Amino acid sequence: LARGDFTERADESTGPPEFRSLAASFNKMTMQVDQLMRQQRDFAGDASHQLRSPLTALRLRLEQASIDMAELDESEESTRLHVGLTAALAETERLQRLIDGLLMLARAEPTIAAVDVDLSEVLSERGRTWAPLAEEREVNLVVEASDPVIVRAGAQTAEQIVDNYLDNALSVSPPGSTITLRSEIVGDWGVAHVLDEGPGLQSDQRERAFDRFWRAPDATYVGSGIGLAIVERLAAASRGDAALDDRIDVRGIDAIVRLPLADSRRGATPSS
């Protein structure tokens, strides 16, 4: 139950009457908690889904109004209205990201079916995908993941985690800095790192970073505040964990995800 597996049941058929009674009570509690959790996820998912359609319609209307405004004379009044419409469009985009994130959180199961995944391959592939955007922002993207690191994780879980980490890293990385993607084996864990050279976070801020809707007080980028909450939920569903550490060599953040090694890799020599 602590791992989120609400299919588990205590044995009610054996043992003294007191044990059987306790097992029955425990199983009843388990079913009630499972039902409450499902109701909560269903509500969040339904609410997020229902909000998407009117929000999309609103954004389309604002975009059309912005186009119409651009065709008017460049008077002070039209310029002011155009600026207002642009700001409103930015807010609808922020709300859209927020709703998408809430929907992903609602759909994330406490545990998910795991498959074998090569973390090094994931980092290399996501690095290639994000390279054009990094180049556009004048940020170097380096991948240090040559040796296979085979872990057990939900399908697409590692990709989604790395994408969220990369999105955050690019948001805070100044031009000319470097983002490094690195994989390694530590004990029975496969570990992926996304290291940036941004402003970093204080220790108390790192502790709160995975809270839903939390953003650093001095954050200069626009975000929904739930990207790291999604990362934590996805990692936990694969029996792993996520963390943010300070970098030792330079200023910045070391965004980490640890996932259990596949059985065939347990006891393998740690990466150097």
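Note that the structure is a prediction, hence the values are computed from the model and not measured. Here the residue numbers are simple positions, counted from 1 along each chain's written sequence. Where local features are concerned, this predicted model is filtered to residues with pLDDT of at least 70; where side-chain atom pairs are given and counted, the filter is 80 or more; whole-chain, interface and lining totals use all residues. Only hydrogens and water are set aside when side-chain values are computed; all heavy atoms of the structure are taken into account.

Caption draft 1: Here's a closer look at the pairing of strand β5 (residues 189-195). The cut-offs for exposure are 20% and 50% of the maximum accessible area for each residue type, with area from a 1.4 Å probe on protein chains only; residues under the lower value are buried, those over the upper are exposed, and the others partly exposed. Here a helix means four or more residues in a row that DSSP labels H or I, a strand means two or more in a row labelled E, and each is numbered from the N terminus. Burial runs high along β5: six of the seven residues are buried. Note on pairing: two strands pair once DSSP finds at least 2 bridges between them. Pairing of strand β4 (residues 178-186) with β5, which is carried by seven bridges, proceeds in the antiparallel orientation. Across the sheet, the residue bridging to Thr-180 is Leu-195, located in β5. A loop of two residues connects β4 with β5, the two strands running antiparallel in sequence, and Gly-187 in this loop sits at a positive phi of about 60°. As defined by bridge partners, β5 adjoins strand β7 (residues 253-260) across seven bridges and the pair is classed as antiparallel. Bridge pairing in β7 places Gly-190 opposite Leu-259.

Caption draft 2: Representation of helix α4 (residues 157-172) within the structure. Taking 1.5 Å per residue, 16 residues should reach 22 Å; α4 reaches 23 Å between its end C-alpha atoms and fits that length. When we look at burial in α4, the residues that qualify are Thr-157, Ala-158, Glu-159, Ile-161, Val-162, Asn-164, Tyr-165, Leu-166, Ala-169 and Leu-170. Here the expected length of a helix is defined as 1.5 Å per residue gap, with one fewer gap than residues.

Caption draft 3: Broad picture of the sheet that holds strand β6 (residues 241-246). In space, the five strands of this open sheet follow the order β2-β4-β5-β7-β6, with mixed pairing throughout. The sheet is open, and its two edges are formed by β2 (140-144) and β6, each paired on a single side. Direction aside, neighbouring strands of the sheet carry axes that sit 20° apart on average. Every residue pair with non-hydrogen atoms within 4.5 Å of one another is taken to be in contact. Note on geometry: axes are C-alpha line fits, over the in-contact stretch for helices, and angles between N-to-C directions span 0 to 180 degrees. Contacts from helix α3 (residues 119-136) reach β2, β4, β5 and β7 within the one sheet, and its direction differs from that of β2 by about 170°.

Remember, this is a structural readout, not a statement about activity or role.
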